[in-house]
Amino acid sequence: MAALAPEMQQTLMTPAITLKEAQDIVAEYEGHEVSVTSFVEVGNIEFSYTASKKAHYLLLTSPLHSDSKHDSSPKITATLQEMSALLTRVVSCTNVPVPKPVAQDTSGGKGRWGFGWLLLLIPQPSQIPADMSTSISSLASLRPSLSPRQLARVELRLGTYLRALHGITNDWFGRPVESTAARSAPTLFPSFLQTFSGGEKGEEAEEDWSKYSWQDTFVLVLEELIGELCEADGETTHSSLSEELGIDAEELRRYLSRAIGAFLFDDVESPGLIWVTGSEADVLVSLSQKDGTEIEDEIEAEADIAYLLPTFSHALWGDPLMEAWFVPPGPSQAVNEGYFGGEGTLIVFPRQKTKRVWYTIYLALLVLAEERRGGNIGHKGTTGQGGDSTRRSKVQWAREVLPKCVKALKDAPCY
C-alpha cells in the first residue's frame, strides 16, 4: 500500500488513541489479518485525524464526553454521524476524491474507549506505471515548489471539484443535520416567513420555515457567532471582541438589519453544499515522476489532486459564494476557469460583493470562536496541517480582516 504524505508523517504528537486501539478498530472492518504497525496524528479542526503510514485509512475520533467550558455555546460543528452521512453523499454523487466512510462506532466500543470513531478509506490513486514513483503532500507545502504548469493543473482540478460539491443540493438551508434545539434557538431578527406563518408563538406554525430561506438561515448562524464573541460574558475570563478588536457589535447589527431589509441574501434559491473552511492544507497533491529522474531534469512531475482531507465539520447548505476559496482576492484564474468550465465570474453586481464581505466576516468570526473555545484547531508544538503555526496564521488573518470588513460595510451597496 502506498505511503501517505511525508508532511503528515512529520506531524508527530501524542496520539489521541493507542496503537492497540487503532489495531482493534481497523480489525473490526478488515479483520485481524491486517496489522497496524504505526500511525501519526494529523491535527485539524474539531476532530482528531489519525492516519496510518502504510494503510489507506484515516481515523476520525471524537470524545464521548467533553469537559469544555463552552459546552453551552451554539453548536457550530458536525458530529461524526453527520460527517459520515455527508462524506457518503459526496462519494456517491460526485467524483470528488474524499475519504469514504467504511465503519463507525459512536458508543465508545461499548465502554472500551472514551471516544467515538469513524474509519475512512482514502481514495485509491489511478493506476501508476511500474517505473513511476508518487509522493503526496499538501498544496500548502508544495505551492512554493510547483511550476506554473503544475499549479495551474492542480487549481483547475480544484475548481471542478468545488463546482461538483456545490452541485450537491438539499431541500433546506443550514447545517447538514440540525438538532431541534439548534433550529429553535431565538434570533435577534425574526424571519418574514415566521411572521407570515404566525411568528414563533404561532399555534399553527409547526415547522420552522426559516430553513427554506438562505437569508433567515445565514442571519441565524451569523448572529450565534456575534452573540458569542462580541458580547462580554461575566462567566468567562476572555474580554469581548468588541473591546479586543474595536468592533462595535451594535454597529455590525445595524449593517445586518440594512442588509436584511434589502433582501441581500435572498437571491439564493438552491441550497448547495459549501465546504466553508477548506484551505490549501486540506488539499493533498500527488506528484508522479519516473524513477531515477532528478529534480533538475527538464521533465516535470505530473501534479494532480490525490484527495481532500475530510475537514467538512463546518459545512453548510447555502450560497456557493460563501466558500473560503472565494475570499478576495480569490479565486485564482485557474480555480475560476475550472469552476465555470471556461469564462465566468461569481460576482456580477455590487450587492454580491457586499454579500462576500458578510461571508468573510462569518469565516473570521468562526476562526476566532474556535480559538476562544480552545478547540482542536491544532495542538501545541505541532506543525503541518492544522498545526499550531497554521492555527496562529488563521487567527491572525481573522483579527486583521474583521475590522476591515466592518468598515467596508458602512457604505457597501445592498441593491
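Criteria and thresholds
- Chains are numbered independently. Their residues run from 1 in the order of the written sequence.
- The predicted origin of the model limits local features to residues at a pLDDT of at least 70 and limits the giving and counting of side-chain atom pairs to 80 or more, whereas totals for whole chains, interfaces and linings rest on all residues.
- No hydrogens and no water enter the side-chain calculation; it runs on all heavy atoms of the structure.
- Helix numbering and strand numbering both begin at the N terminus, where a helix is a DSSP run of H or I of at least 4 residues and a strand a DSSP run of E of at least 2.
- Partly exposed describes any residue whose relative accessible area lies between the buried limit of under 20% and the exposed limit of over 50%, with all areas from a 1.4 Å probe on protein chains only and scaled to the type maximum.
- Two residues form a contact once any of their heavy atoms are found within 4.5 Å.
- Under the convention used here, a 1.4 Å probe and the Shrake-Rupley method define accessible areas, while residue burial counts only the protein chains that appear.
- Confidence scores per residue from the predictor, reported as pLDDT, run from 0 to 100.
- Each axis is a line fitted through C-alpha atoms, taken for helices only over the stretch in contact, and angles between the N-to-C directions span 0 to 180 degrees.
- Any angle that falls under 35 degrees is termed roughly parallel, while one over 145 is termed roughly antiparallel, one within 65 to 115 roughly perpendicular, and all others oblique.
- Note on convention: the crossing is left-handed when the near helix lies turned anticlockwise from the far helix by less than a right angle, right-handed when the turn is clockwise.
- When residue character is reported, Ala, Val, Leu, Ile, Met, Phe, Trp, Tyr, Cys and Pro are called nonpolar, Asp, Glu, Lys and Arg charged, and the others, Gly included, polar.
- By salt bridge we mean one thing: a side-chain nitrogen of Lys or Arg within 4 Å of a carboxyl oxygen of Asp or Glu.
- To estimate the expected span of a helix, count its residues, drop one, and scale the result by 1.5 Å.
- A 3.5 Å cut-off defines polar contacts: any pair of N or O atoms within that distance qualifies, except that in protein one atom must be a possible hydrogen donor and the other a possible acceptor, and neighbouring residues in sequence count only when both atoms are side-chain atoms.
- Among the buried residues, those of types Ala, Val, Leu, Ile, Met, Phe, Trp, Tyr and Cys that are joined through side-chain atoms within 4.5 Å form a nonpolar core.
- Stacked, tilted and edge-to-face pairs are distinguished by plane angle, under 30 degrees for stacked and over 60 for edge-to-face with tilted covering the rest, among Phe, Tyr and Trp rings (Trp via its six-membered ring) whose centres lie within 6.5 Å.

**Quick look at the overall build of the protein chain**
Secondary structure assignment for the protein chain yields 14 helices and ten strands. A total of 415 residues make up the protein chain; the buried ones form 53% of that total. Put simply, 77% of the contacts in the protein chain that link residues at least 6 apart link residues at least 24 apart. Only carbon and sulfur atoms are counted for the fraction: they give 53% of the accessible area of the protein chain, which is about 19,900 Å².

**Describing the confidence of the model for the protein chain**
Within the protein chain, residue pLDDT values average 78, and 71% of them lie at 70 or more. Here residues 1–15 is modelled with pLDDT under 50, and outside its nearest four sequence neighbours on either side it reaches 50 contacts, counting other chains as well. Predicted confidence for residues 44–49 stays below pLDDT 50, and this span has 38 contacts to residues more than four positions away or in other chains.

**Here we look at the packing of helix α9 (residues 214–229) against helix α13 (residues 350–373)**
One way to put it is that α9 packs onto α13 with a least axis distance of 9 Å and a crossing angle of 40°. Relative to α13, the element α9 lies oblique. Remark: the crossing between α9 and α13 carries left-handed chirality. Together, Trp214, Phe218, Val221, Leu222, Leu225, Ile226, Glu228 and Leu229 of α9 and Trp358, Tyr359, Ile361, Tyr362, Leu365, Leu366, Leu368, Ala369, Arg372 and Arg373 of α13 make up the contact between the two elements. Among the residues making up the contact of α9 with α13, the classes are represented as 15 nonpolar, no polar and three charged.

**Quick look at the pattern of salt bridges**
Summed over all chains, the structure comprises 13 salt bridges. Notably, a salt bridge pairs Arg153 with Glu302, separated by 3.9 Å at the nearest N-O pair. Of this pair, Arg153 sits in helix α6 (residues 148–166) while Glu302 sits in strand β9 (residues 302–308); the two residues are 149 residues apart in sequence, bridging distant segments of the chain. Classification of Arg153 as partly exposed rests on a relative accessible area of 35%. Counted as one network, the salt bridges with shared partners bring together Arg149, Arg153, Arg157, Glu302 and Asp304.

**Let's talk about α9**
Compared with an ideal rise of 1.5 Å per residue, which puts 16 residues at 22 Å, α9 spans 23 Å between its outermost C-alpha atoms and is within 8% of the ideal. Along α9, 15 of the 16 residues are buried, which leaves the element largely enclosed by surrounding structure. Where α9 starts, the residue carrying a side-chain oxygen 3.4 Å from the main-chain nitrogen of Gln215 turns out to be Ser213.

**Concerning the nonpolar core**
Of all hydrophobic cores here, the largest spans 91 residues; its most connected members are Phe218, Trp358, Ile361 and Tyr362. Ranked by residues supplied to this core, first place goes to α13 with eleven residues. Setting aside residues up to four positions removed in sequence, Tyr362 forms contacts with Phe218, Val221, Leu222, Leu225, Val276, Leu316 and Met322. Val26, Tyr57, Trp113 and Phe115 belong to the second largest nonpolar core, which has 13 residues in total.

**Things to note about α13**
Spanning 24 residues, α13 covers 35 Å between terminal C-alpha atoms, matching the ideal 34 Å at 1.5 Å per step. Gly374 lies just past α13 and shows a positive phi near 70°.

**A few points about unusual backbone geometry**
Residue Pro329 follows Pro328 across a cis peptide bond; omega there is 10°. Structurally, Pro329 is set in the loop between β10 (316–318) and α12 (333–340). Phi angles above zero are rare outside glycine, and Val276 is one such case at about 75°. With respect to the helices, strands and loops of the structure, Val276 is situated in the loop between β7 (272–274) and β8 (283–290).

**Looking at the packing of aromatic side chains**
The relative placement of two aromatic rings is captured by the distance of their centres and the angle of their planes. As enumerated under the stated definition, the model contains 14 aromatic pairs in all. An angle of 20° between the planes, with centres 5.1 Å apart, marks the rings of Trp275 and Phe312 as stacked. Of this pair, Trp275 sits in the loop between β7 and β8 while Phe312 sits in the loop between β9 and β10, and the two are 37 residues apart along the sequence. Overall, Phe312 belongs to the buried group, its relative accessible area being 1%. Seen in terms of ring centroids, Phe326 and Tyr339 are 5.4 Å apart; in terms of plane orientation they differ by 85°. Their pairing is edge-to-face. Taken as a pair, Phe326 in the loop between β10 and α12 and Tyr339 in helix α12 lie far apart in primary sequence, 13 residues in all.

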